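Analysis of the macromolecular model
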Amino acid sequence: MKKSLLASALAALTLAAAPAAQAVTAASFLTTPSPGPTDMTSPGPTEMSGSPSAGEAGQPFGPGCSQLPAEGKGSPAELKNESLDQALQDIPQLSTLDKAVKAAGLTDQLKSAQDITVFAPVNEAFSKIPKEAMAKVLQDKEQLTKIIHNHVVEGRKTQADLASGTLTTVGGGTLNVSGSGEEYTVNDAKILCGNIQTSNATIYLVDSVLMPEAGASASASPS
């Protein structure tokens, strides 16, 4: 059942701390290069058969790709040579996410991670969250880390991987994906521009923040 953004934002503030073992698992994944694809998705249409490199993954797609710079800083051609942390700084629509990553202390983790997919909320996605709730989240490193981990999936997901099925986040949460052509969704968020390649990650710009579910089991609460 869909929840209001306000309810999701406030609920995220009350999530209980995950067990220490979970925190170690998520942190270890983000700081240890992956030797190859691992089974982080549910069996079915979205399960990957490999992790394509930036040069093999095709071109960005989606109705919002025209907002990316055509050349120079922040353009797809430049981003494919940058690490994820630098890409977050250079893509104009992701300045708020970049701020959140830095506040959570995850910059180095995202820089050293290998072959991941990030569903990155654009600035307008964060603006949908009430300012007071957003300010509290930015000041709570633990909760902010959980929220960010709920946007990260192991393996470089391609357009075909998003046609139908579920993906498991590095924190243990579940994201439902579906779509075709240029129209794709992840949970209730629309993908504005997808398949943006960096040297160590694939980025999908989304129009909403993917909040962990309140009261869910530990598997849906990223550490």
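Description of the structure in this document. Throughout, residues of each chain are indexed from 1 in the direction in which the sequence is written. Local features are withheld for residues below a pLDDT of 70 in this predicted model, meaning they are given only at 70 or higher, and side-chain atom pairs are given and counted only at 80 or more; totals for whole chains, interfaces and linings count all residues. Heavy atoms from the whole structure form the basis of all side-chain values; hydrogens and water molecules are not counted.

**Looking at the packing of aromatic side chains**
Going by this rule: Under the pairing criterion, centres of Phe, Tyr and Trp rings, with the six-membered ring standing for Trp, must be within 6.5 Å; the plane angle then separates stacked pairs below 30 degrees from edge-to-face pairs above 60, leaving the rest tilted. The secondary structure listing takes helices from DSSP runs of H or I that are at least 4 residues long and strands from runs of E that are at least 2 residues long, numbered from the N terminus. Whether a residue is buried, partly exposed or exposed follows from its accessible area with a 1.4 Å probe, protein chains only, as a fraction of its type maximum: under 20%, in between, or over 50%, in that order.
With the rule as written, the count across this model stands at three aromatic pairs. Arranged with centres 6.2 Å apart and planes meeting at 65 degrees, the rings of Phe61 and Tyr204 form a pair that is edge-to-face. Taken as a pair, Phe61 in the loop between helix H2 (20-31) and helix H3 (76-79) and Tyr204 in strand E7 (residues 201-206) lie far apart in primary sequence, 143 residues in all. Both residues of the pair, Phe61 and Tyr204, belong to the buried class. Three or more aromatic residues link up through ring pairs in this structure, and these residues are Phe61, Phe119, Tyr184 and Tyr204.

**What to know about the sheet that holds E7**
Note the following rule: At least two DSSP bridges between two strands are required for those strands to pair. To obtain each axis, a line is fitted to C-alpha atoms, and for helices this fit is confined to the stretch in contact; angles are then taken between N-to-C directions over 0 to 180 degrees.
Judged by pairing direction, the sheet is mixed, and its seven strands sit side by side in the order E2-E1-E7-E6-E5-E4-E3 without closing on themselves. Looking at the sheet topology across the chains shown, the edges are occupied by strand E2 (152-154) and strand E3 (164-168). Geometrically, the sheet is characterised by an average inter-axis angle of 30 degrees between neighbouring strands, direction not taken into account. Pairing analysis gives six bridges linking strand E1 (residues 116-121) to E7, with the strands arranged parallel.

**Some remarks on the nonpolar core**
Note the cut-off: Among buried residues, the Ala, Val, Leu, Ile, Met, Phe, Trp, Tyr and Cys ones that are joined through side-chain atoms within 4.5 Å form a nonpolar core. Contact criterion: two residues are considered in contact whenever any of their non-hydrogen atoms come within 4.5 Å of each other.
With 37 residues, the main nonpolar core has Leu84, Leu94, Ile116, Ile203 and Leu205 as its most contacted residues. Where this core is concerned, the elements lending two or more residues are helix H4 (84-90), helix H5 (95-104), E1, helix H7 (123-127), helix H8 (131-139), helix H9 (141-149), strand E6 (189-197) and E7. For this core, the leading source of residues is H5, giving four residues. In this structure, Leu205 is in contact with Leu68, Gln93, Leu94, Ala120, Val122, Lys190, Ile191, Leu192, Cys193 and Ile196, ignoring residues within four places of it in sequence.

**Points about the state of the cysteines**
Definition in use: A pair of cysteine sulfur atoms is labelled a disulfide when the two atoms are within 2.5 Å.
Evaluation of the coordinates by the stated rule reveals one disulfide. Through a disulfide, Cys65 is tied to Cys193; the S-S separation comes to 2.1 Å. An S-S torsion of about 100 degrees defines the bridge between Cys65 and Cys193 as right-handed. Here Cys65 is found in the loop between H2 and H3, whereas its partner Cys193 is found in strand E6, with 128 residues between them in sequence. Look at Cys193 and you get buried, because its relative accessible area is 0%.

**Digging into the pairing of E7**
Burial analysis of E7 places six of its six residues in the buried class, the great majority of the element. In this sheet, E7 lies alongside E6 in antiparallel orientation, the contact comprising four bridges. Counterpart to Ile191 in the pairing with E7 is Val206.

**A short note on the environment of Asp140**
Inspection of the secondary structure puts Asp140 in the loop between H8 and H9. Using a relative accessible area of 26% as the deciding quantity, one classes Asp140 as partly exposed. With 36 residues separating them in the primary sequence, Asp140 and Ala104 have C-alpha atoms 8.0 Å apart.

**Regarding the environment of Asn81**
For Asn81, the location among the structural elements is in the loop between H3 and H4. For the pair Asn81 and Gln197, spaced 116 residues apart in sequence, the C-alpha to C-alpha distance is 8.5 Å.

Coordinates in, geometry out; function isn't part of it.
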